[in-house]
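# Geometric and topological summary
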Amino acid sequence: IFTFVFADEIMHETGLLAVTAMGITMANMRLTTLQDIRHFKENISVLLISDIFVMLTASLDPRTLIEIFNPNIIAYVAAMLFIVRPLSIWLSTIGTELNVREKLLIGWIAPRGIVALTVSGYFATILLENGYQDAGLLTALTFALVLSTVILHGFSISFLAKKLNLTTTDESGVLIVGGSRFAAALAQSVKDTGNEVLIVDRSWANLTYARQLGMPIYIGDILSEQTEYHLDLTPYRYMLAMTKADMYNAHVCADFTPDLGRDHLYQTAFHVGKDVQTFTIMGGQTIFTPDVSIYELEDRMSAGHVIRKTMITKQYSYTQYLRERDDKSILLYVLRLDGTIEFFAPEVELQAFAGDAVISLTSPAKTIERVKERLEEEKGEHTLSLEKIEELFNGDDKAEKTVIPGDAPLSSQ
């Protein structure tokens, strides 16, 4: 503020140039507190711009509003919307990687608002002082353009973006809080479905398995204000709190309930007794089963359990799958035909239909049984290569894919 006022006192209208130069200088000083300054600037900008809008509209004369409906002004606005703006975008994006659909969307959506109104009001005053009587129309023209674009673009952007296939999809992205061996394997299975996935943990060491599998990670506290600034939650529909601190998981779910909704927040079961759950009414839903905590899931991964994907068909129904599955297996989630995900939870009764897939954490004994069956079918072959054994181990007439832990040797299973 001091820089702006000091420069403006020396020469009128130089304050903006001065603070712009100041901002460039500060950005190149590598200040450690620059992030805090940036967030303060964003908040104060919202307040100041809101005040400017109020003052500008309060200063409008009723005759200016009537002038908006002048046929000449309406023709001017239409020319700006359908000719000038699209043409300027097409010319300025020549040689870029933008496709036709993206150019159409940008050509229709034009950011017009506070700057245009402020500048038009300033120049209209100067022109009127210099004897240009028609300068009063400048404010009416700009206000008509801003008003029409805000209304038309605001109501049409969603429809147009969907028609041009430029909207974000309804994919079921998953954000996992807590790095562990099971979390890494679960993240890999979600990533294989084509959905976004991210593992967040405060410890670099806890993300070892995730880094080995090449899973996207973020090091930081999900409850930290700084993490909120840097982490974009838009791609993620679900949040799974799976750290080894039960109360922390409950706090995470309670904190993100306003953002994601409790239906999309899950936490692993408590490992110190069910009575503790009475203190977490505002927490997330218990994921998978109330009898298996993250410690139990980790123990099963260490014992060689694998995440298996089983397709449900008309010939192999979900009821038959439940009847034949291993009693020790844990149902994780259902992958719907459209690519969305739904997690199993005690509070939710899921059904799978033909075309869906059921993902579960399965004992290696079930896999070994299937391998033996396939080996017996291999008639006429007295020896099998290592590649053949791996192919049989990974194959399954009903399971489309098996995820095997990277540090579990094939021979040990």
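Because the structure is a prediction, the values reported are computed rather than measured. Each chain has its residues counted from 1, running along the sequence as written. Only residues with pLDDT of at least 70 get local features here, since the model is predicted, and only at 80 or more are side-chain atom pairs given and counted; chain-wide, interface and lining totals rely on the full set of residues. To obtain the side-chain values, all non-hydrogen atoms of the structure were included, while hydrogens and water were left out.

### Here's the deal with the overall build of the protein
How we decide: Numbering of helices and strands starts at the N terminus; helices are DSSP runs of H or I of at least 4 residues and strands are runs of E of at least 2. For the exposure calls, accessible area comes from a 1.4 Å probe over protein chains only, and a residue counts as buried if that area is under 20% of its type's maximum, exposed if over 50%, partly exposed in between. Residue contacts are counted whenever heavy atoms from the two residues lie within 4.5 Å of one another. Calculation of accessible area relied on Shrake-Rupley with a 1.4 Å probe; when residues are assessed, cover is drawn exclusively from the protein chains displayed.
Secondary structure summary: the protein contains 16 helices and 11 strands in total. Each of the 413 residues in the protein was classed as buried or not, and the buried ones make up 38%. By sequence separation, contacts in the protein at least 24 residues apart represent 61% of the contacts at least 6 residues apart. Entry remark: accessible area of the protein is about 24500 Å², with carbon and sulfur atoms responsible for 60%.

### Here's the deal with a nonpolar patch on the surface
The criterion, for reference: A residue counts toward a patch only above 30% relative accessible area and without a salt bridge, and it is joined to like-charged neighbours within 9 Å or, for Val, Leu, Ile, Met, Phe, Trp and Tyr, to nonpolar neighbours within 5 Å. When a carboxyl oxygen of Asp or Glu is within 4 Å of a side-chain nitrogen of Lys or Arg, the pair counts as a salt bridge.
Nonpolar side chains collect at one region of the surface, where Val115, Val119, Tyr122, Phe123, Leu127 and Tyr132 lie side by side and expose about 570 Å² of accessible area between them. Topologically, Val115 is positioned in helix H7 (residues 114-129).

### Some thoughts on a negative patch on the surface
Basically, it comes down to this: His is not counted here, nor are the chain ends, while Lys and Arg score as positive and Asp and Glu score as negative. Where a charge sits is defined by one atom per residue type, namely NZ (Lys), CZ (Arg), CG (Asp) or CD (Glu).
Residues Asp36, Glu225, Glu228, Asp255 and Asp259 make up a contiguous surface patch of negative charge. Of all the secondary structure elements, the ones that give two or more residues to the negative patch are helix H11 (225-230) and helix H12 (246-260).

### Thoughts on the environment of Tyr333
Heads up, the condition is: Here a polar contact means two N or O atoms within 3.5 Å. Within protein one must be a hydrogen donor candidate and the other an acceptor candidate, and residues neighboring in sequence count only if both atoms are side-chain atoms.
Mapped onto the elements, Tyr333 comes out in strand E8 (residues 330-335). On the basis of relative accessible area, Tyr333 is assigned to the buried category, the value being 0%. When the C-alpha positions of Tyr333 and Ile359 are compared, they lie 5.4 Å apart, and in sequence the two are 26 residues distant. Those residues in contact with Tyr333, other than ones at most four positions away along the chain, are Leu186, Ser189, Val190, Thr193, Ile341, Glu342, Phe343, Phe344, Ala357, Val358 and Ile359. A distance of 3.1 Å separates polar atoms of two side chains, one belonging to Tyr333 and the other to Ser189.

### A closer look at unusual backbone geometry
Of note in this structure, Glu13 is not a glycine but carries a positive phi near 70°. Turning to its location among the elements, Glu13 is positioned in the loop between helix H1 (2-10) and helix H2 (15-27). Unlike most non-glycine residues, Phe288 shows phi in positive territory, near 70°.

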